[in-house]
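# Results of the structural survey
Okay, here's what each chain looks like letter by letter:
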Amino acid sequence: MYEPATTPAAATKPRNPWEPVPREHAYAVTRVTGAIPRELHGTLFRNGPSQRVRPVEGYEAMHLFDGDGLVHAFRISDGRVHYMSRFVRDDTYAAEERLGPSRLHFLNFRVADPAPDAPLRAPHNTNVVWHHRRLLALVGRRAPAALPVEADHPWEMDPRTLESRGRVTFTDPPLGLSVTAHPKIDGRTGQMVIHGYQPFPPFVQLYVVEPDGACSLAEVLDTPYSDMMHDLAIT
């Protein structure tokens, strides 16, 4: 499924920034303007929606939130850059591969012939976080849009190969349906703070994950009603 290990010719041509990239790539970046500092070492991970199995209605009909998660890794070392991308092989990805196009409902529209066993669309396409030597792909809202709920728990990926490892819950069983896509990491303690919310009690859940990966706090918050709490801040 990977492309040859050279910069694809298509990468040099202008393209529609909203158009999905249906294939995974791995190649050395050979076209560089200027010079990459040799002192710069590390990997930049990015995540975003890119639908692999395209609906018969056309990708233009999709909401941006619907696209499959495609995690990108830019590895920088010794003045060189190597690029790799892999899809997050979560439940949505697996269902699309098994069922084919237009068998799962989308955020913008309902398909004409939904599969009876199709899961709710929850592609891990919103954020990617590095914590406790784990690379976590996260997802935000899901269809139907009227429900105040996030989509799923994080999906772990191998930081070197970007292979999908599976769902991560911070307690077993988890306190709620899901967590948000925007955890915060305390720059002083290294703790990761992440929360979830859902349309029925307990409405809000809070987790604190230590630098060693242990969940030191997992509790439900006493709130009088459900509301959309997509993000949080720590001070």
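Here goes a summary of the coordinates provided.

Analysis parameters
In every chain, residue numbers begin from 1 and rise along the written sequence. The predicted nature of this model means local features are confined to residues of pLDDT at least 70 and side-chain atom pairs, given and counted, to a pLDDT of 80 or more, with totals for whole chains, interfaces and linings taken over all residues. Excluded from the side-chain calculation are hydrogens and water; included are all heavy atoms of the structure. We count a stretch as a helix when DSSP gives it H or I for four or more residues in a row; a strand needs E for two or more, and each element gets its number in order from the N terminus. To get the radius of gyration, use the C-alpha atoms; to get the globule rule, take the number of residues to the power 0.38 and multiply by 2.2 Å. The buried label applies to any residue whose accessible area, calculated with a 1.4 Å probe on protein chains only, is under 20% of its type's maximum; exposed applies above 50%, and partly exposed to all values in between. Method for areas: the Shrake-Rupley scheme with a 1.4 Å probe, in which residue coverage is limited to the protein chains shown. Asp and Glu count as negative and Lys and Arg as positive, but His and the ends of the chain are not part of the count. Throughout, a charge is located at the NZ atom of Lys, the CZ atom of Arg, the CG atom of Asp or the CD atom of Glu. A pair of strands is labelled paired if DSSP reports no fewer than 2 bridges between them. Lines fitted to C-alpha atoms define the axes here, with helix axes fitted over just the stretch in contact, and angles between the N-to-C directions of these axes take values from 0 to 180 degrees. Counting of polar contacts relies on pairs of N or O atoms within 3.5 Å, with two restrictions inside protein: one atom must be capable of donating a hydrogen and the other of accepting it, and residues adjacent in sequence are counted only when both atoms are side-chain atoms. Here, two residues are considered to be in contact whenever any of their heavy atoms come within 4.5 Å of each other. Ring geometry is summarised as follows: Phe, Tyr and Trp rings, the Trp one being its six-membered ring, pair when their centres sit within 6.5 Å, and such pairs are stacked at plane angles under 30 degrees, edge-to-face over 60 and tilted between the two. Charges are assigned to positions over rings by a cutoff of 6 Å between ring centre and Lys NZ or Arg CZ, combined with an angular limit of 35 degrees from the ring normal.

## Topic: the overall build of the protein
Along its length, the protein carries one helix and twelve strands. Put simply, the protein runs from its N terminus to its C terminus through helices and strands in the order β-β-β-β-α-β-β-β-β-β-β-β-β. Relative to the compact-globule value of 18 Å for 235 residues, the protein shows a C-alpha radius of gyration of 19 Å, a close match. Principal-axis analysis of the C-alpha atoms places the extent of the protein at approximately 55 × 50 × 25 Å. Buried residues in the protein amount to 43% of all 235 residues. Roughly 12500 Å² of accessible area belongs to the protein as shown, and the carbon and sulfur atoms make up 55% of that amount. Of the side chains in the protein, 25 bear a positive and 28 a negative charge, and the two mean positions are spaced by 7 Å.

## Comments concerning the sheet that holds strand β7 (residues 155-157)
In space, the four strands of this open sheet follow the order β5-β6-β7-β8, with antiparallel pairing throughout. Among the strands making up the open sheet, the edge pair consists of β5 (127-131) and β8 (164-167). The mean inter-strand angle of the sheet, taken between neighbouring strand axes irrespective of direction, is 30 degrees. Here β7 runs beside β8; their pairing, made up of three bridges, is antiparallel.

## Things to note about the side chain of D158
Positionally, D158 belongs in the loop between β7 and β8. D158 sits in the buried class, given a relative accessible area of 17%. A polar contact is formed between the side chain of D158 and the side chain of R165, at a distance of 2.8 Å. Residues within four places of D158 in sequence aside, it is in contact with L135, E163 and R165.

## Thoughts on the pairing of β5
Two elements, β5 and strand β6 (residues 134-138), share five bridges in a ladder whose sense is antiparallel. When the sheet's bridge partners are listed, V128 is paired in β6 with A137. What sits between the antiparallel neighbours β5 and β6 is a turn of two residues, in which H132 has the positive phi angle 50 degrees.

## Observations regarding the packing of aromatic side chains
Inspection of every chain in the model, using the stated rule, returns five aromatic pairs. Ring centres 5.2 Å apart and planes at 45 degrees place the aromatic pair Y27 and Y83 in the tilted group. Residue Y27 is found in strand β1 (residues 26-28), and its partner Y83 is found in strand β4 (residues 80-87); the two are separated by 56 residues along the sequence. Each of the two residues, Y27 as well as Y83, counts as buried. What links up through ring pairs into an aromatic cluster is the set Y27, F74 and Y83. Here the guanidinium or amino end of R121 rests over the ring plane of F106, the centre of that ring lying 3.9 Å away.

## Observations concerning the sheet that holds β4
Sheet strands pair by backbone hydrogen bonding; their relative direction is either parallel or antiparallel. Here four strands make up an open sheet; going across it, the order is β1-β4-β3-β2 and the pairing antiparallel. Each edge of the sheet is formed by a strand with only one pairing partner; in this case those strands are β1 and β2 (42-49). The mean angle between the axes of side-by-side strands here comes to 15 degrees, regardless of whether they run parallel or antiparallel. For β2 and strand β3 (residues 69-77), the ladder comprises eight bridges, and the chain directions are antiparallel.

## Some details on the side chain of T171
Counting through the fold element by element, T171 comes out in the loop between β8 and β9 (184-185). There is a polar contact of 2.9 Å between the side chain of T171 and the backbone oxygen of P173. Beyond its immediate stretch of four places on either side in the chain, T171 contacts Y207, C215 and A218.

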